[in-house]
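The lines below spell out each chain.
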Amino acid sequence: MTGKREYNPPVAAAPANPVVVIFLGSDSDWSVMARAAQVLEEFGVPHLAIVSSAHRTHDRTVRLTKLFTRRGTRVFIAGAGAAAHLAGALAAVTPRPVIGVPLASSPLAGLDSLLSTAQMPSGVPVACTAIGEAGARNAAILAVEILALSDRRLETKLLGYRQALEREVVGNDARLQRERRHGSRGRPAPRR
Ligand code: RP5
C-alpha cells in the first residue's frame with residue numbers, strides 16, 4: 001500500500017439515468033459513434049456517451065457499467081476498434097443487452113474488431129453490428145427496437161421511421177426510372 005488515494009475519474013456531465021449508454025474505446029471513435037447518438041436523439045431516447053477503454057481503463061469501464069446498470073440503463077452500446085474487447089467487457093458485468101460496433105480504426109480495417117466483437121464465448125453474448133457508420137446507426141436502431149418491446153410510443157415511431165425509409169427507396173427508384181427514360185442517367189463507361 002502506498003497510502004495514495006485511488007484515482008477516481010469523473011463521469012461526463014450527463015442525464016443521471018440514461019436509458020442507453022454508448023461506450024467508446026477512444027475519443028477517436030466519436031466521429032463514427034456520433035451516428036448512434038444522433039439516432040437516439042431522433043427517437044428521443046435519453047442517452048450518454050462515455051470514453052472508456054476495455055484495456056487502458058479496464059477497472060473504470062467495469063465500474064461505470066455496474067453503476068449504470070444499477071441506475072437502470074436498459075441497453076449498452078460499445079464501439080471499439082482493433083482488438084475490440086469493449087462490448088465483451090461490458091457484457092461480462094451486466095445482465096442488460098450489449099450491442100458491439102466494430103470500428104475500422106486499425107490497419108486491418110475493422111476485420112479484427114468485427115471478429116473480436118462477434119466471437120464471444122458461449123454464455124456471454126453481445127449483439128454485433130456491421131463495421132463503421134452503418135453499424136453505429138444500426139446499433140442505436142436495435143437499441144430502440146429492444147426498448148420498443150415495452151414502449152408503444154417508441155414502436156409507433158419505429159414504424160414511422162421504417163415507412164420513411166421505404167418512401168425514400170421508392171422515390172429513388174422513381175427518379176432512376178425517370179432519368180433513364182430521358183437519358184439523363186448515364187450509361188456505364190464501356191469496358192477497356
Ligand atoms: C481501440 O483502439 C479504440 O476503440 C480505437 O478504435 C483504437 C485506436 O485508439 P486510439 O489509439 O486512437 O486512442 O481501443
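The preceding data block contains the structure.
What this report covers is the structure whose coordinates are included nearby. In this convention, every chain numbers its residues from 1, walking through the sequence in written order. Residues qualify for local features only when their pLDDT is at least 70, as the model is predicted, and side-chain atom pairs are given and counted only at 80 or more; totals for whole chains, interfaces and linings, by contrast, use all residues. In computing side-chain properties, one takes all heavy atoms of the structure into account and sets aside hydrogens as well as water.

We now examine a nonpolar patch on the surface. Judged by side-chain polarity, L108, L111 and L115 come together as a nonpolar surface patch covering roughly 310 Å² of accessible area. Following the sequence through the fold, L115 ends up in helix 4 (residues 111-118). Patch membership is restricted to residues that have no salt bridge and whose relative accessible area is over 30%. Joining uses 9 Å for like charges and 5 Å for the nonpolar side chains Val, Leu, Ile, Met, Phe, Trp and Tyr. Using the Shrake-Rupley algorithm and a 1.4 Å probe, accessible areas are obtained, with residue cover drawn only from the displayed protein chains. The term salt bridge refers to a side-chain nitrogen of Lys or Arg lying within 4 Å of a carboxyl oxygen of Asp or Glu. Strands are runs of DSSP state E lasting at least 2 residues, helices are runs of H or I lasting at least 4, and numbering of each runs from the N terminus.

With that settled, the discussion passes to the pairing of strand 3 (residues 75-81). Burial status follows relative accessibility: with a 1.4 Å probe on protein chains alone, a residue under 20% of its type maximum counts as buried, one over 50% as exposed, and anything between as partly exposed. Here strand 3 lies mainly inside the structure; seven of its seven residues are buried. Alternating positions in strand 3 separate into two faces, V75, I77, G79 and G81 on one and F76, A78 and A80 on the other, with burial throughout. Pairing between strand 1 (residues 20-24) and strand 3: five bridges, direction parallel. Residue pairing in the sheet places V21 in a bridge with F76 of strand 3. Inspection of the sheet shows strand 3 paired to strand 4 (residues 98-103) by six bridges, in the parallel sense. When the bridges of strand 4 are listed, A80 appears paired with P102. Crossovers are marked right-handed if the path from the first strand over the helix to the second runs clockwise, as seen with the strands pointing away from the viewer. Following the backbone out of strand 3, through helix 3 (residues 86-91) and into the adjacent parallel strand 4, one traces a crossover that is right-handed. Two strands qualify as a pair provided that DSSP identifies no fewer than 2 bridges between them.

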